[in-house]
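What follows is the residue order along each chain.
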Amino acid sequence: GIYVSVPSSFCHIDIRENRCNFNKVQHIGTKEIFNLSDNQDMEIDNEYEFINSYPIYYTVDGHRRVLNPLGLDVKSLALTSSYIYVEEKFSNFVRSVLKDYCNNIIFVPTIIANGHDLFNRDLREQGVIYCDIGYINTDIAFLKGDGVMYLDSLHLGGGHIAYDISYGLSIPFE
């Protein structure tokens, strides 16, 4: 497959919680975690295509937040996740360009790839504000756990700032 990095300006996030209450204390294994994360409707509207969901945190017994509930004994478990979507105009364009080379295209939000690479799990558990100032756009995100709690892309980048400085100082913009 081919991995394609999706800029934040083509992404949309939706934060969702899925909860499960047990009749008695339940030992949490991989089956319970999978059932909790697999029990969500991924559709939002026709303009976006679902990319992936990323866990932000689990809530144990209604109050304690953990990144990994595996092995815990609980009465209830909730999962808060980021559901990330790509604009269909973007994904359709990429598929049309790559159709002769590969049918298995995996879209990965740039903010997730960069955030997981730059910040270790302990920092992400606390929460990290990530700001990427590009030439045209500036992306701002609040990363928590393995997910994204907030994402915005401003159409103001380093190129705009450099141009304004050169204009203000009457020096050539090169």
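Q: Tell me about the pairing of strand β8 (residues 138–144), residues and numbers included.
A: β8 sits mainly inside the fold: 5 of its 7 residues count as buried. Pairing of strand β7 (residues 128–133) with β8, which is carried by 6 bridges, proceeds in the antiparallel orientation. For I129, the partnering residue across the bridge sits in β8 and is F142. Inspection of the sheet shows β8 paired to strand β9 (residues 147–154) by 7 bridges, in the antiparallel sense. Across the sheet, residue D139 finds its bridge partner in β9, namely S153.

Q: Can you tell me about the packing of aromatic side chains, naming the residues and giving the values?
A: As enumerated under the stated definition, the model contains 6 aromatic pairs in all. Note on F119 and Y130: the rings are 6.1 Å apart at their centroids and 85° apart in plane angle, and the pair reads as edge-to-face. Residue F119 is located in the loop between α3 (110–118) and α4 (121–126), and its partner Y130 is located in strand β7; the two are separated by 11 residues in the primary sequence. The same class applies to F119 as to Y130, namely buried. A ring pair is formed by Y163 and Y167, whose centres lie 6.2 Å apart and whose planes are at 25°; its orientation type is stacked. Of this pair, Y163 and Y167 both sit in helix α5 (residues 158–168), 4 residues apart, which is roughly one turn of that helix. Judged by its relative accessible area of 63%, Y167 is exposed. Three or more aromatic residues joined by ring pairs form one cluster here, namely F10, F90 and F107.

Criteria and thresholds
Numbers given for residues are sequential positions, taken from 1 along each chain in its written order. Local features in this predicted model are restricted to residues of pLDDT 70 or higher, and side-chain atom pairs are both shown and tallied only at a pLDDT of 80 or more, whereas totals for entire chains, interfaces and linings draw on every residue. Only hydrogens and water are set aside; all other atoms, that is, all heavy atoms of the structure, feed into the side-chain values. For every residue, the accessible area obtained with a 1.4 Å probe (protein chains only) is divided by the maximum for its type, and the residue is called buried under 20%, exposed over 50%, and partly exposed between those limits. Put simply, DSSP H or I for four residues or longer makes a helix, DSSP E for two residues or longer makes a strand, and each gets a number counted from the N terminus. In short, DSSP must find at least two bridges between two strands for them to pair. Put simply, two rings from Phe, Tyr or Trp (the six-membered ring, in Trp's case) pair if the centres are within 6.5 Å, and we call them stacked under 30 degrees between planes, edge-to-face over 60, tilted for the rest.

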